[in-house]
Amino acid sequence: MRGGQSLAEALENYLAEWSERTGIVVETWALPATDVPARVSSGVMVAMTEALSNVELHSRARVVSIAVTVGKSGLRLTVSDNGQGFPAAGAGRGIARMRAAFAEMGGSLSVNSVHGEGTTVSGMVPRQR
């Protein structure tokens, strides 16, 4: 991360800047308390910036909730908004980029959207053995 920042610090800074710029409230449920490998940190940042770009451009959300946790099984990312949602066929290049970032880390990413209720992006990267 920039200048030796931890993933949690990088996310906190990015989320604060993004919220201030867009006027969309960010609720941070959890950020990693432990160090995360640089390769995983950069993949998480790619997915986070892409997810929030989609929220900003398409969702009409007022609130987005963020959780990034690290446990025995690995890293888990959740980005959930209260926007308008979209039909499954509406998944575009941004979602493909998020999935590719998680696939490169050996993980997976899913997007669940309910029209009129919002969208949740969930990613998982298994712990490296």
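Rules behind the numbers
Residues numbered from 1 in each chain as written. Predicted model: local features only at pLDDT ≥ 70, side-chain atom pairs only at ≥ 80, totals over all residues. Heavy atoms only, no water. Pairing = 2+ DSSP bridges. Helix = DSSP H or I, 4+ residues; strand = E, 2+ residues; numbered from the N terminus. Right-handed = clockwise from strand over helix to strand, strands pointing away. Expected span 1.5 Å × (residues − 1). Buried < 20%, exposed > 50% of the residue type's maximum accessible area, 1.4 Å probe, protein only. Arc of directions from axis to C-beta. Axes fitted to C-alpha atoms, helices over the stretch in contact; angles between N-to-C directions. Parallel < 35°, antiparallel > 145°, perpendicular 65-115°, else oblique. Left-handed = near helix turned anticlockwise from the far one by under 90°. Contact = heavy atoms within 4.5 Å. Nonpolar A, V, L, I, M, F, W, Y, C, P; charged D, E, K, R; others polar.

Draft legend 1. Inspection of the pairing of strand E2 (residues 63-71) at higher detail. With five bridges joining them, strand E1 (residues 25-30) and E2 adopt parallel strand pairing. Bridge pairing in E2 links Thr 28 to Ile 66. This β-α-β element, E1 to helix H2 (residues 38-59) to E2, shows left-handed connectivity. If you look at the hairpin formed by E2 and strand E3 (residues 74-81), you'll find two residues sitting between the two strands.

Draft legend 2. Structural detail: helix H3 (residues 93-104). With 12 residues, H3 ought to run about 16 Å at 1.5 Å a step, and its terminal C-alpha atoms sit 16 Å apart, in line with that. Gly 94, Ile 95, Met 98, Ala 101 and Phe 102 are the residues of H3 that are buried. Each buried residue of H3 lies within a common arc of 120 degrees when the element is viewed along its axis, so the set occupies one face. Away from its buried face by more than 90 degrees, H3 exposes Arg 93 and Glu 104.

Draft legend 3. Structural context of the packing of helix H1 (residues 7-22) against H2. Between H1 and H2, whose axes approach to 11 Å, the crossing angle comes to 15 degrees. Classified by the angle between their axes, H1 and H2 sit roughly parallel to one another. The interaxial crossing formed by H1 with H2 has right-handed handedness. Along the contact surface, H1 presents Leu 7, Ala 10, Leu 11, Tyr 14, Leu 15, Trp 18, Arg 21 and Thr 22, while H2 presents Ser 41, Val 44, Met 45, Met 48, Thr 49, Leu 52, Val 55 and Glu 56. Split into classes, the residues belonging to the contact of H1 with H2 amount to 11 nonpolar, three polar and two charged.

Draft legend 4. Representation of the pairing of strand E4 (residues 108-114) in the model. Bridging between E4 and strand E5 (residues 118-126) involves seven bridges; their strand directions are antiparallel. Following the sheet pairing, Ser 110 is matched in E5 by Ser 122.

Draft legend 5. Main features of the sheet that holds E2. With mixed pairing, the five strands of this open sheet are ordered in space as E1-E2-E3-E5-E4. Strand pairing shows two members of the sheet lacking a second neighbour, E1 and E4, which therefore form its edges. Strand-to-strand twist of the sheet, defined as the mean angle between neighbouring strand axes without regard to direction, takes the value 10 degrees. Sitting on the sheet, H1 touches E1, E2 and E3, and the angle it makes with E1 is about 160 degrees. Relative to E3, H2 is tilted by about 10 degrees, and along the sheet it contacts E2, E3 and E5.

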